[in-house]
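A closer look at the structure
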Amino acid sequence: MGVEFVDLFNQWASSYDDTVSGKDPEYKEVFEDYDAMLQELADLAVSPVLEFGMGTANLTRKIVAQNKVVVGVEPSEEMRRIAIVKCPEAAVYEGDFINYPSLQLPIKSIVSSFAFHHLKEDEKRLAIRAYYDKLEEGGKIIFIDTLFKDEAHKWSLIKDAEKKGYLNLAQDLQEEYYAYLSELEQMFLEVGFEVSFKQKNKFAWLIQAKKGE
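In this text, all values refer to a predicted model and were calculated from it rather than measured experimentally. (Residues numbered from 1 in each chain as written. Predicted model: local features only at pLDDT ≥ 70, side-chain atom pairs only at ≥ 80, totals over all residues. Heavy atoms only, no water.)

Some details on the overall build of the chain
Within the chain one finds 9 helices and 8 strands. Relative to the compact-globule value of 17 Å for 213 residues, the chain shows a C-alpha radius of gyration of 16 Å, a close match. Dimensions of the chain along its principal axes, counting C-alpha atoms only, are 50 × 40 × 30 Å. Counting across all 213 residues of the chain, residues that qualify as buried make up 51%. By sequence separation, contacts in the chain at least 24 residues apart represent 67% of the contacts at least 6 residues apart. For the chain, the accessible area works out to roughly 10000 Å², and carbon and sulfur atoms hold 48% of it. (Helix = DSSP H or I, 4+ residues; strand = E, 2+ residues; numbered from the N terminus. Rg over C-alpha atoms; globule rule 2.2 N^0.38 Å. Buried < 20%, exposed > 50% of the residue type's maximum accessible area, 1.4 Å probe, protein only. Contact = heavy atoms within 4.5 Å. Areas by Shrake-Rupley, 256 points an atom, 1.4 Å probe, with all protein chains shown as cover.)

Some details on the layout of surface pockets
In this structure, the second largest pocket encloses a volume near 160 Å³. Forming the boundary of the second largest pocket are Glu121, Lys124, Phe148, Lys154, Leu173, Glu176, Tyr177, Tyr178, Ala179, Tyr180, Glu183 and Met187. Per-class residue counts for the lining of the second largest pocket are 7 nonpolar, no polar and 5 charged. (1 Å grid on protein atoms, 1.4 Å probe; cavity = no way out; pocket = protein on both sides within 12 Å on 5 of 7 lines; lining within 4 Å. Points joined across faces, edges and corners; volume = space filled by probe spheres on them. Nonpolar A, V, L, I, M, F, W, Y, C, P; charged D, E, K, R; others polar.)

Looking at the pattern of salt bridges
Under the counting rule described, the total for this entry stands at 13 salt bridges. Here Glu190 ties to Arg125 by a salt bridge, and the two come within 2.5 Å at their closest N and O atoms. Of the two residues, Glu190 is situated in helix α9 (residues 181–191) and Arg125 in helix α6 (residues 121–134); the sequence distance between them amounts to 65 residues. For Asp160, the salt bridge goes to Lys202, with nearest N and O atoms at 2.5 Å. With Asp160 in helix α7 (residues 151–163) and Lys202 in the loop between β7 (193–199) and β8 (204–211), the pair connects residues that are 42 residues apart, well separated along the chain. Looking at Asp160, the relative accessible area reads 23%, which means it is partly exposed. One salt-bridge network, in which partners are shared between bridges, spans Glu29, Asp160, Lys164 and Lys202. (Salt bridge = Lys/Arg side-chain N within 4 Å of Asp/Glu carboxyl O.)

A closer look at helix α3 (residues 34–44)
Taken together, the buried positions of α3 are Tyr34, Met37, Leu38, Leu41 and Ala42. An end-on view of α3 places all buried positions within 135 degrees of arc, on one side of the element. Taken together, the buried residues of α3 touch α2 (16–20), α4 (58–64), β4 (107–113), β5 (135–148) and β8. (Arc of directions from axis to C-beta.)

Looking at the packing of α7 against helix α8 (residues 167–175)
At a closest axis distance of 7 Å, the pairing of α7 and α8 adopts a crossing angle of 160 degrees. The pairing of α7 with α8 is recorded here as roughly antiparallel in orientation. Two packed elements cross with a definite hand, and for α7 against α8 that hand is left-handed. Touching Lys154, Trp155, Leu157, Ile158, Ala161 and Glu162 of α7 are Leu167, Leu169, Ala170, Leu173 and Gln174, all from α8. Per-class residue counts for the contact of α7 with α8 are 8 nonpolar, 1 polar and 2 charged. (Axes fitted to C-alpha atoms, helices over the stretch in contact; angles between N-to-C directions. Parallel < 35°, antiparallel > 145°, perpendicular 65-115°, else oblique. Left-handed = near helix turned anticlockwise from the far one by under 90°.)

Rendered as structure tokens:
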């Protein structure tokens, strides 16, 4: 899944931290309060933690700082190289949301930040179902990602980006696989999760899905 994005992330790896820290004006609103969002996610995570799309280990470091065990999965070689340097305490593996090494430890939290949208709709469904089986009873999925409330919301964000001259952002919002909130909610519910959504900025949402005990 998402193999079409791997080359992009290999190229982006060296400047990724600058982008998420707000130094790129085109994506500043997308990553507004980035550090606080990651901290909230880290605080919610229960060890052992499985992280998908760990990127340059910004979230990983916050979780490890709380003495939690983290296994990180990342498809980009360049991202993994940076992550290993920044967070040597975490186990780092090549893989993606669907294809990753078999892990011989119980998983109580599955986390990800700004990455789940790289899966197409059928891949999202496949991943969510697999995570339900992977998690311990009472375990949680905790994601932060860009979502659309509905079609009108999607096009309002696109038009606003175009108006500001942010044409790369406008293109991303149309071409990447960002989910509609109601559709994503249904994907979690139909598997058996309890799920909640909390908007964190103009683009990003905190998604929490709990497996019944």
